[in-house]
Structures are given as C-alpha cells and as structure tokens.
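What follows is each chain in one-letter form.
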Amino acid sequence: MKLYGIPNCNTVKKARDWLDANHIAYEFHDFKKLGVDETTLNNWLSQQPWEKLVNRAGMTWRNLTETEKSAVINNISALNLMREKTSVIKRPILEKDGKILGLGFDEATYRKLFKS
C-alpha cells in the first residue's frame, strides 16, 4: 500500500499518524521529492474525476493566475497541471495495487477501510 502526499501537509500527517497508530504498513511517496509519473496520474484520473484530484481549495491553486485556472478544463489539462505542480494534487492519496482507497483523510473512512 502506498500513501502519496507531502510530509509537511497537516492532512497527510494525520493520515500517517493514524496508519502508524493502527500498525498498518504503507510506503510513503513524497510528491515534492519524487514527483508523480504520468502513468500514475492517468490511472488516478481513470478512477476519479479531475475535479476531485485537483485541490482547488489549496494555496497552490489559489496562487495560480485566473488564466491558469481557467485552462484546467479536462483530464489532459489537469494532468499537465498536476505534473507541473504536484502540490495541487488532493492529498493524501491512499492506493493499493493501483486502486485508490482514499482521497484526502477522514478517520471514519480509514476505520471502515481497515475495520479498526
């Protein structure tokens, strides 16, 4: 299982703390250091709409120009933005065998996923 995110994000910290406290093994993938490849992004876009994968409430999105924001209209433009600015990706993303288990962190959802 893999948890994608950036280490200084509070939501990612909550997810990591919860997984650790519940002794659930995972590999952490740091967007900032490792980036995200196009294959992974396309896989995610096949499971979730780009509107859910692009965090439009975050600082990265808010710091984009209106022109940059209005250019994100479909999977292709969202993919390009997410490759360019990984901080715009909704996080954390919990994935197992290529399947998204969780987008963002919600303790009740994680409890249900892991039945703890």
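It should be emphasised that the depicted structure is a prediction, and the values quoted were computed from it without experimental measurement.

Some points on the nonpolar core
Part 1: Residues Leu-3, Leu-19, Trp-44, Val-54, Met-82 and Ile-89 are the most contacted members of the largest nonpolar core, which totals 32 residues.
Part 2: Apart from the residues lying within four places of it in its own chain, the contact partners of Met-82 are Leu-41, Leu-45, Leu-53, Val-54, Val-88 and Ile-89.

Comments concerning the packing of aromatic side chains
Part 1: Summed over all chains, the structure comprises seven aromatic pairs.
Part 2: Geometrically, the ring pair formed by Trp-18 and Phe-114 is tilted, given 6.0 Å between the ring centres and 35° between the ring planes. Here Phe-114 lies in helix α8 (residues 107-114) and Trp-18 lies in helix α1 (residues 10-21), a separation of 96 residues in the sequence.
Part 3: Classification of Trp-18 as buried rests on a relative accessible area of 9%.
Part 4: Judged by relative accessible area, which is 23%, Phe-114 ranks as partly exposed.

Thoughts on α1
One turn of an α-helix holds 3.6 residues; hence residues three or four places apart share an orientation.
Part 1: For α1, spanning twelve residues, the distance from its first C-alpha to its last is 16 Å, which sits close to the expected 16 Å at 1.5 Å a residue.
Part 2: Taken together, the buried positions of α1 are occupied by Val-12, Ala-15, Trp-18 and Leu-19. Within α1, the buried residues cover an arc of 130° as seen down the axis, which keeps them to one side. Among the exposed residues of α1, those oriented more than 90 degrees off its buried face are Asn-10, Lys-14, Asp-17 and Ala-21.
Part 3: Each element contacted by the buried residues of α1 is listed here: β1 (2-5), β2 (27-30), β3 (93-96) and α8.

Section: the pairing of β1
Part 1: Relative to β2, β1 is paired through four bridges, and the arrangement is parallel. Within the sheet, the bridge partner assigned to Tyr-4 lies in β2 and is His-29.
Part 2: Between the parallel elements β1 and β2, the chain passes through α1 in a crossover that is right-handed.
Part 3: Sheet topology places β1 next to β3; three bridges connect them, and they run antiparallel.

Concerning the sheet that holds β3
Part 1: Taken together, four strands build an open sheet; the order of strands is β2-β1-β3-β4 and the sheet is mixed. What marks the edges here is a single partner per strand, and that holds for β2 and β4 (99-103). This sheet shows a mean twist of 25° between the axes of neighbouring strands, independent of strand direction.
Part 2: Running over the sheet, α1 touches β1, β2 and β3 and is turned about 160° from β1.

Focus: the packing of α1 against α8
A pair of packed helices is characterised by two quantities: the angle between their axes and the separation of those axes.
Part 1: Between α1 and α8, whose axes approach to 11 Å, the crossing angle comes to 35°. For the pair α1 and α8, the crossing hand works out as right-handed. Contacts between α1 and α8 involve Ala-15, Trp-18 and Leu-19 on the former and, on the latter, Glu-107, Tyr-110, Arg-111 and Phe-114.
Part 2: Residues that form the contact of α1 with α8 fall into these classes: five nonpolar, no polar and two charged.

Rules used in this analysis
- Residues numbered from 1 in each chain as written.
- Predicted model: local features only at pLDDT ≥ 70, side-chain atom pairs only at ≥ 80, totals over all residues.
- Heavy atoms only, no water.
- Core = buried A, V, L, I, M, F, W, Y, C linked by side-chain atoms within 4.5 Å.
- Buried < 20%, exposed > 50% of the residue type's maximum accessible area, 1.4 Å probe, protein only.
- Contact = heavy atoms within 4.5 Å.
- Phe/Tyr/Trp six-rings, centres within 6.5 Å; stacked < 30°, edge-to-face > 60°.
- Helix = DSSP H or I, 4+ residues; strand = E, 2+ residues; numbered from the N terminus.
- Expected span 1.5 Å × (residues − 1).
- Arc of directions from axis to C-beta.
- Pairing = 2+ DSSP bridges.
- Right-handed = clockwise from strand over helix to strand, strands pointing away.
- Axes fitted to C-alpha atoms, helices over the stretch in contact; angles between N-to-C directions.
- Left-handed = near helix turned anticlockwise from the far one by under 90°.
- Nonpolar A, V, L, I, M, F, W, Y, C, P; charged D, E, K, R; others polar.

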